[in-house]
Amino acid sequence: INYDRRMKKSWVNDVAVLTGEGADKRLYGSGAPKKPYLTDAPALVVLFKQVHGVDSDGKRTDNYYVQESCGIATGMFIAALHNVGLATLTSTPMGAGKAIGDLLGRPTYEKVFLLLPVGYPAKDATVYHLE
């Protein structure tokens, strides 16, 4: 559905080499993209955004600048991971956000923001050295 309805045609054309018939066959299984970085990493961090809160009386409370706050917090978290020699990348849940939230027992007002597989980089990985 993302490729057919939500994404701009220019974006679909740009990633066609990853998704079309010319794509590397190692990236797909049963027609769905494989994401070994999610399953092979020793840790998978699920970042949630709280679209609104609930006070002690059960009344809804507003949260402001949720996207911006989560983006800034994610950047700081990634910098901290890199600072201690760990590697990560950002991945979106691609429609699995509700199932992930349910699996982890999160309330409905918390939504998956990003997935971060975390671990030491592979020996053959290209990792920038920060000084």
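Criteria and cut-off values
Residues numbered from 1 in each chain as written. Predicted model: local features only at pLDDT ≥ 70, side-chain atom pairs only at ≥ 80, totals over all residues. Heavy atoms only, no water. Buried < 20%, exposed > 50% of the residue type's maximum accessible area, 1.4 Å probe, protein only. Helix = DSSP H or I, 4+ residues; strand = E, 2+ residues; numbered from the N terminus. Pairing = 2+ DSSP bridges. Salt bridge = Lys/Arg side-chain N within 4 Å of Asp/Glu carboxyl O. 1 Å grid on protein atoms, 1.4 Å probe; cavity = no way out; pocket = protein on both sides within 12 Å on 5 of 7 lines; lining within 4 Å. Points joined across faces, edges and corners; volume = space filled by probe spheres on them. Nonpolar A, V, L, I, M, F, W, Y, C, P; charged D, E, K, R; others polar. Core = buried A, V, L, I, M, F, W, Y, C linked by side-chain atoms within 4.5 Å. Contact = heavy atoms within 4.5 Å. Expected span 1.5 Å × (residues − 1). Arc of directions from axis to C-beta.

**Student:** Report on the pairing of strand β7 (residues 110–119), specifying residues and quantitative values.
**Tutor:** In terms of burial, β7 is largely enclosed, as nine of its ten residues are buried. With two bridges connecting them, strand β6 (residues 87–88) and β7 associate as antiparallel partners. Its bridge partner being in β7, Ala87 is matched across the sheet by Gly119.

**Student:** How would you sum up the environment of Pro117? Please name residues and give values.
**Tutor:** Within the secondary structure, Pro117 sits in strand β7. Residue class for Pro117 comes out buried when judged on its relative accessible area of 5%. Once the C-alpha coordinates of Pro117 and Leu89 are considered, the two residues, 28 residues apart in sequence, prove to be 6.5 Å apart.

**Student:** Talk me through the pattern of salt bridges; I want residue IDs and the actual numbers.
**Tutor:** Oppositely charged side chains can pair when the atoms bearing their charge come close. Throughout the structure, instances matching the rule amount to two salt bridges. With a shortest N-O distance of 2.9 Å, Asp102 and Lys98 are connected by a salt bridge. Highlighted residues: Asp102 and Lys98, both in helix α6 (residues 97–103), separated by four residues, approximately one helical turn. Across the pair Glu110 and Arg106 runs a salt bridge whose closest N-O atoms are separated by 2.7 Å. Owing to a relative accessible area of 14%, Glu110 belongs among the buried residues under this scheme.

**Student:** So what's going on with the layout of surface pockets? Which residues, and what values?
**Tutor:** Quantified by volume, the second largest pocket comes out at close to 280 Å³. What lines the second largest pocket is a set of 14 residues, among which Tyr37, Ala87, Leu89, Tyr120 and Pro121 lie closest to the centre. Among the secondary structure elements, those contributing two or more residues to the lining of the second largest pocket are α4 (36–40), β6 and β7. Residue classes in the lining of the second largest pocket are distributed as eleven nonpolar, two polar and one charged.

**Student:** Please provide a residue-by-residue account of the nonpolar core, values included.
**Tutor:** Of all hydrophobic cores here, the largest spans ten residues; its members are Leu47, Val66, Cys70, Ile78, Leu81, Leu86, Phe113, Leu114, Leu116 and Val118. Those elements that place two or more of their residues in this core are α5 (66–83) and β7. Setting aside anything within four residues of it in sequence, one finds Val118 in contact with Ala41, Pro42, Ala43, Val45, Leu81, Leu86, Ala87 and Thr88.

**Student:** Which residues make up the environment of Phe113, and what values do they have?
**Tutor:** Inspection of the secondary structure puts Phe113 in strand β7. Counting along the chain gives 47 residues from Phe113 to Val66, while the straight-line C-alpha distance between them is 10.0 Å. Ignoring sequence-local partners within four residues, the contact set of Phe113 consists of Leu47, Phe48, Lys49, Gln67, Cys70, Gly71 and Thr74.

**Student:** Lay out α5 with the relevant residues and their values.
**Tutor:** With 18 residues, α5 should cover 26 Å at 1.5 Å per step; its first-to-last C-alpha distance of 26 Å lies within 8% of that length. Taken residue by residue, α5 has Val66, Cys70, Thr74, Ile78 and Leu81 as its buried positions. Along the long axis of α5, the arc covered by the buried residues comes to 95 degrees, so they all point the same way. Opposite the buried face of α5, at more than 90 degrees from it, the exposed residues are Ile72, Met76 and Asn83. Along its buried surface, α5 packs onto β3 (43–50), β6 and β7.

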